[in-house]
Amino acid sequence: MKIHQMHDFHLKDESDFVQTQQSLKHKITLSHSITPNSINTCAGVDLAYWEQDGEPYGVCSIIVIDADTKEVIEKVHSMGKISVPYVSGFLAFRELPLIIEAAKKLEAEPDVFLFDGNGYLHYNHMGVATHAAFFLNKPTIGIAKTYLKIKGCDFVMPENEVGAYTDIIIDGEVYGRALRTRRDVKPIFLSCGNYIDLDSSYQITMSLINQESRLPIPVRLADLETHVLRTFYQKNHV
DNA sequence: GCGACAG
DNA sequence: ATCTTGTCGC
């Protein structure tokens, strides 16, 4: 699929990152309604890391599935050296190069992308899911497994029922949603990525849950795939 | 020095 | 994210 080139990632330091995030946050659009009925395909994105000769490497997997049958339609991946260290709040700058490289290989044009990380639920509303949308030009959804605390605000634990949730409201603004996708499991932290509203993100996410995981199917599949790919590349000493 | 910390 | 054994539950 075609990628909209926004900016490169040869940024110098964290102040560069912050400037990039703040220049993009005003372009976020969260008003589009895109329900499960209006999508045919959705993609899950995830990365895995390892070290080789003292250097960090990563692999990114994108899995596209049919929204109705849940069957895998396409899978692509990218692999390479990682040049940006992980710093909370700047995950996008670390992961986007490989994400973009993998997305370029997609033959399909998924209707929505689900990420393993936050979107709008972020210090600058610019988690990896939101940031990625400017390159993909497609609706994106953020799915985090642990809570990123912002401005000291905790989340309210949702009831132990499938689909139960509590909105994460900070300074009167809804940042995201603590969501119990299955009973007796920890909640996930859902937030808009971009070009989609929170209720649609919720509906799509819940429509992609099965008994295998608390994570939506495409994200879970991408997670599993990155582990397989990592084992392969480690063994073959790339 | 201590606590916090998406992946 | 990754490093790792056993263990509880369906």
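None of the values given here were measured: they were computed from a predicted structure.

Cut-offs and rules
Throughout, residues of each chain are indexed from 1 in the direction in which the sequence is written. The lettering of chains begins at A and the numbering of ligands begins at 1, in the order of writing. With the structure being a predicted model, the display of local features is reserved for residues of pLDDT at least 70 and the display and counting of side-chain atom pairs for 80 or more, all residues being used for whole-chain, interface and lining totals. In computing side-chain properties, one takes all heavy atoms of the structure into account and sets aside hydrogens as well as water. By salt bridge we mean one thing: a side-chain nitrogen of Lys or Arg within 4 Å of a carboxyl oxygen of Asp or Glu. Strands here mean DSSP runs of E at least two residues long; helices mean DSSP runs of H or I at least four residues long; both are numbered from the N terminus. Three labels apply to residues, based on accessible area from a 1.4 Å probe with only protein chains included: buried if under 20% of the type maximum, exposed if over 50%, partly exposed otherwise in between. Each helix should span, by expectation, one fewer than its residue count multiplied by 1.5 Å. By the convention used here, residues are in contact when the closest approach between their heavy atoms is within 4.5 Å. Think of it this way: one heavy atom of a residue within 4 Å of a molecule or strand is enough to make that residue near it. As used in this structure description, the phrase polar contact means that two N or O atoms lie within 3.5 Å; if the pair is within protein, one of them must be able to donate a hydrogen and the other to accept it, and residues adjacent in sequence are counted only when both atoms belong to side chains. Three residue categories are used. Nonpolar comprises Ala, Val, Leu, Ile, Met, Phe, Trp, Tyr, Cys and Pro, charged comprises Asp, Glu, Lys and Arg, and polar comprises the others, including Gly. Only strands that DSSP links by at least two bridges are regarded as paired with each other. Put simply, a nonpolar core is a bunch of buried Ala, Val, Leu, Ile, Met, Phe, Trp, Tyr and Cys residues held in one set by side-chain atoms that sit within 4.5 Å of each other. Interaxial angle, 0 to 180 degrees, is taken between N-to-C directions of lines fitted to C-alpha atoms, where a helix line uses only the stretch in contact.

Chemist: I would appreciate a short explanation of the pattern of salt bridges in the present structure.
Modeler: For side chains of opposite charge, pairing can occur when their charged atoms come near one another. Here the structure, examined in full by the defined rule, presents eight salt bridges. A salt bridge links R177 to D199, with the shortest nitrogen-to-oxygen separation between them at 3.3 Å. Linking R177 in strand 7 (residues 173–179) with D199 in helix 4 (residues 198–207), this pair joins segments that are 22 residues apart in sequence. Taking relative accessible area as the criterion, R177 reaches 4% and is therefore assigned buried. Residue class for D199 comes out partly exposed when judged on its relative accessible area of 43%. One network of salt bridges, in which partners are shared, links D167, R177 and D199.

Chemist: Looking at this structure, I do not really get helix 5 (residues 217–235). What am I missing?
Modeler: Residue pairs three or four apart in sequence face the same way in an α-helix, which turns once every 3.6 residues. Taking 1.5 Å of rise per residue, 19 residues should cover 27 Å, and helix 5 covers 27 Å from first to last C-alpha, within 8% of that figure. Buried residues of helix 5: I217, P218, V219, A222, D223, E225, T226, L229 and Y233, and no others. On its buried face, helix 5 is in contact with strand 1 (41–52), strand 2 (55–66), strand 3 (72–81) and strand 4 (112–116).

Chemist: Mind showing me how you'd approach the environment of G176 here?
Modeler: Note that G176 resides in strand 7. Between the alpha carbons of G176 and G119 there is a distance of 8.5 Å; along the sequence they are 57 residues apart. Filtering out sequence-adjacent residues up to four positions away, G176 remains in contact with T166, D167, I168, L190, S191 and L198.

Chemist: Help me understand the protein's contact with DNA strand C in this model?
Modeler: Around DNA strand C, the neighbouring residues are A48, Y49, K145 and R230. A distance of 3.4 Å separates a phosphate oxygen of DNA strand C from a polar atom in the backbone of Y49. In this structure, K145 approaches DNA strand C through a side-chain N or O atom, which is 2.8 Å from a phosphate oxygen. When grouped by side-chain class, the residues that make up the surface near DNA strand C number two nonpolar, no polar and two charged.

Chemist: Is there a simple way to explain the pairing of strand 3 in this structure?
Modeler: Strand residues, when the strand is regular, have side chains that alternate between the two faces of the sheet. Bridging between strand 2 and strand 3 involves nine bridges; their strand directions are antiparallel. Residue I65 lies in a different strand from strand 3, and its bridge partner there is V72. Where strand 2 hands over to strand 3, the hairpin turn is made up of five residues, of which K70 adopts a positive phi near 65°.

Chemist: What's the story with the nonpolar core in this structure? I'm lost.
Modeler: When a protein is soluble and globular, its nonpolar side chains tend to lie buried together. One finds V112, L114, I141, I143, L190 and I204 to be the most contacted residues of the largest nonpolar core, which totals 31 residues. At the level of secondary structure, the elements contributing two or more residues to this core comprise strand 2, strand 4, helix 3 (128–136), strand 5 (140–144), strand 8 (188–194), helix 4 and helix 5. Considering each element in turn, this core owes the most residues, four residues, to helix 4. Apart from residues no more than four positions distant in its own chain, V112 is found in contact with I39, T41, C42, A43, P139, T140, I141 and I204. Counting 30 residues, the second-largest nonpolar core is a separate cluster that includes V45, I62, A129 and A132.

Chemist: Explain the sheet that holds strand 7 here, please?
Modeler: Backbone hydrogen bonds are what pair the strands of a sheet, in a parallel or an antiparallel way. Read from one edge to the other, the open sheet built from eight strands follows the order 3-2-1-4-5-8-7-6, with strand pairing classed as mixed. The two strands at the open ends of the sheet, each matched to only one other strand, are strand 3 and strand 6 (165–170). Strand-to-strand twist across the sheet, computed as the mean angle between neighbouring axes with direction ignored, equals 25°. Docked against the sheet, helix 5 engages strand 1, strand 2, strand 3 and strand 4, running at close to 30° with respect to strand 1.

By themselves, these figures tell us nothing about what the structure is for.
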